[in-house]
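# Observations on the model geometry
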Amino acid sequence: MIKGVKYFAYGQSALLLDFGAQISPKTHTQIQKVRVSLEARRIKGVVELVPAYCTLLIHYDPLVCSYGDLIHILDHLDIQKEHLEVCSYLVEIPACYAPEFGQDLASVCAHTKLSAQEVIDKHSAPDYLVYMLGFLPGFAYLGGLDALLATPRLATPRVQVAPGSIGIAGMQTGIYPLASPGGWQIIARTPLELYNPSKDPPVFLQPGDRVRFVPISIDTYHQIAKEVQEGVYTLKRAKRSTHG
């Protein structure tokens, strides 16, 4: 039995684990440990595990694995006694905050009463936790934004936001992996390719990873973009493991 977790049938082929209403690194770690524990069991019929802020969704094939089977497994799960290794990465994301890419940087400055350099310094200071992926393939919701940078979404969303755009919405920051509509305040852009369906995996940011934004000049942006296009850019990331 997972302490404090509630189970809900989610349609005819999914089970939702609800870890409560508090979004926090502690809740995230608990979700990740349950995910790793279930993956290690290689349960027949389980199709996919989808972590979110405070939930873990288990998609399963009801012809192979029943709702009751999963409840039985979960009732006997004790992650406190298991030796679990949760692997993740610290990923450096080059970010260009030039006016060409940070269309809303001035608006964020006006809202926060900070200078452009102060916004850049505060935004690039933390190592952000990737809580979940959603909205678009590879769109990472990042936690850890400095409260002084919190800025409301745009009153009217843009019809199209460029791939690689880095934005702020409330207490969140994130990166658009694809061209799409969007209402986040855009303050920078990365030349990295966050989503490529021809690669395995198609996204390189995963829940549990940490993201560090590294400010770059516009010349460096174009140089990295060229290297990415030619397939010679080396992503800067370091493996991190937690045990419990």
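Heads up: these notes are all about the structure in this document. (Residues numbered from 1 in each chain as written. Predicted model: local features only at pLDDT ≥ 70, side-chain atom pairs only at ≥ 80, totals over all residues. Heavy atoms only, no water.)

Here the focus is the pairing of strand 3 (residues 46–51). Sheet topology places strand 3 next to strand 4 (residues 55–60); five bridges connect them, and they run antiparallel. Counted as the bridge partner of Leu 49 is Ile 58 from strand 4. Between strand 3 and strand 4, which follow one another and run antiparallel, lie three residues. (Pairing = 2+ DSSP bridges. Helix = DSSP H or I, 4+ residues; strand = E, 2+ residues; numbered from the N terminus.)

Moving on, we get to the sheet that holds strand 4. A sheet is described by the order of its strands in space; here four strands give the open sequence 1-2-4-3, paired in antiparallel fashion. Of all strands in the sheet, those with a lone pairing partner are strand 1 (6–9) and strand 3, marking the two edges. Taking each pair of neighbouring strands and ignoring which way they run, the sheet shows an average axis angle of 20°. As judged from the five bridges shared by strand 2 (residues 14–18) and strand 4, these two strands associate in the antiparallel manner. Note on strand 4: the bridge partner recorded for Ala 14 is His 59. In this fold helix 2 (residues 67–75) packs onto strand 1, strand 2, strand 3 and strand 4, with an angle of close to 170° to the strand it touches most, strand 1. (Axes fitted to C-alpha atoms, helices over the stretch in contact; angles between N-to-C directions. Contact = heavy atoms within 4.5 Å.)

So, on to the state of the cysteines. Overall, the coordinates contain zero disulfides when judged by the stated rule. Between Cys 109, a cysteine without a disulfide, and Cys 96, which holds the nearest cysteine sulfur, the sulfur-to-sulfur distance is 15 Å. What makes Cys 109 buried here is its relative accessible area of 14%. (Disulfide = S-S within 2.5 Å. Buried < 20%, exposed > 50% of the residue type's maximum accessible area, 1.4 Å probe, protein only.)

With that out of the way, let us pick up the environment of Pro 197. In this fold, Pro 197 is placed in the loop between strand 12 (185–189) and strand 13 (210–216). Given a relative accessible area of 61%, Pro 197 falls into the exposed group. Spatially, the C-alpha atom of Pro 197 lies 15 Å from that of Ala 179, the residues being 18 residues apart in sequence.

Below, the discussion takes up unusual backbone geometry. A cis amide bond, omega 0°, links Asp 200 with the succeeding residue Pro 201. When you line up the elements, Pro 201 lands in the loop between strand 12 and strand 13. Within the chain, Lys 113 stands out as a residue other than glycine whose phi angle is a positive 65°. Within the secondary structure layout, Lys 113 lies in the loop between helix 3 (105–112) and helix 4 (116–123). Judged by its relative accessible area of 72%, Lys 113 is exposed.

In this model, helix 1 (residues 25–41) (17 residues) spans 25 Å end to end at C-alpha, consistent with the 24 Å of a helix rising 1.5 Å per residue. Taken together, the buried positions of helix 1 are Thr 27, His 28, Ile 31, Gln 32, Lys 33, Val 34, Arg 35, Val 36, Ser 37 and Leu 38. For helix 1, the secondary structure elements touched by its buried residues are strand 2, strand 3, strand 4, helix 2, strand 5 (85–96) and strand 6 (128–133). Arg 42 lies just past helix 1 and shows a positive phi near 45°. (Expected span 1.5 Å × (residues − 1).)

One pass over the structure, following the stated rule, counts ten aromatic pairs. Seen from their ring centres, Phe 139 and Tyr 176 are 5.3 Å apart, and the 90° between their planes marks the pair as edge-to-face. Taken together, the residues span a long stretch of sequence, with Phe 139 in the loop between strand 6 and strand 7 (140–143) and Tyr 176 in the loop between strand 10 (172–175) and strand 11 (180–182) at a distance of 37 residues. Tyr 176 carries the same exposure label as Phe 139, and that label is buried. An aromatic cluster of at least three residues, connected via ring pairs, comprises Tyr 53, Tyr 131, Phe 135, Phe 139, Tyr 141, Tyr 176 and Trp 184. Its end group placed over the ring of Tyr 89, Arg 237 keeps NZ or CZ at 4.0 Å from the ring centre. (Phe/Tyr/Trp six-rings, centres within 6.5 Å; stacked < 30°, edge-to-face > 60°. Lys NZ or Arg CZ within 6 Å of the ring centre and 35° of its normal.)

This paragraph deals with the nonpolar core. Within the largest apolar cluster, 34 residues are counted, with the highest numbers of intra-cluster contacts made by Ile 93, Val 211 and Phe 213. Per-element tally for this core: the top contributor is strand 5, with four residues. Ignoring sequence-local partners within four residues, the contact set of Phe 213 consists of Ile 93, Ala 95, Tyr 97, His 123, Ser 124, Tyr 128, Leu 142, Ile 166, Thr 173 and Ile 175. Judged by nonpolar contacts, the second largest core, of 20 residues, contains Ile 31, Leu 56, Tyr 60 and Leu 70. (Core = buried A, V, L, I, M, F, W, Y, C linked by side-chain atoms within 4.5 Å.)

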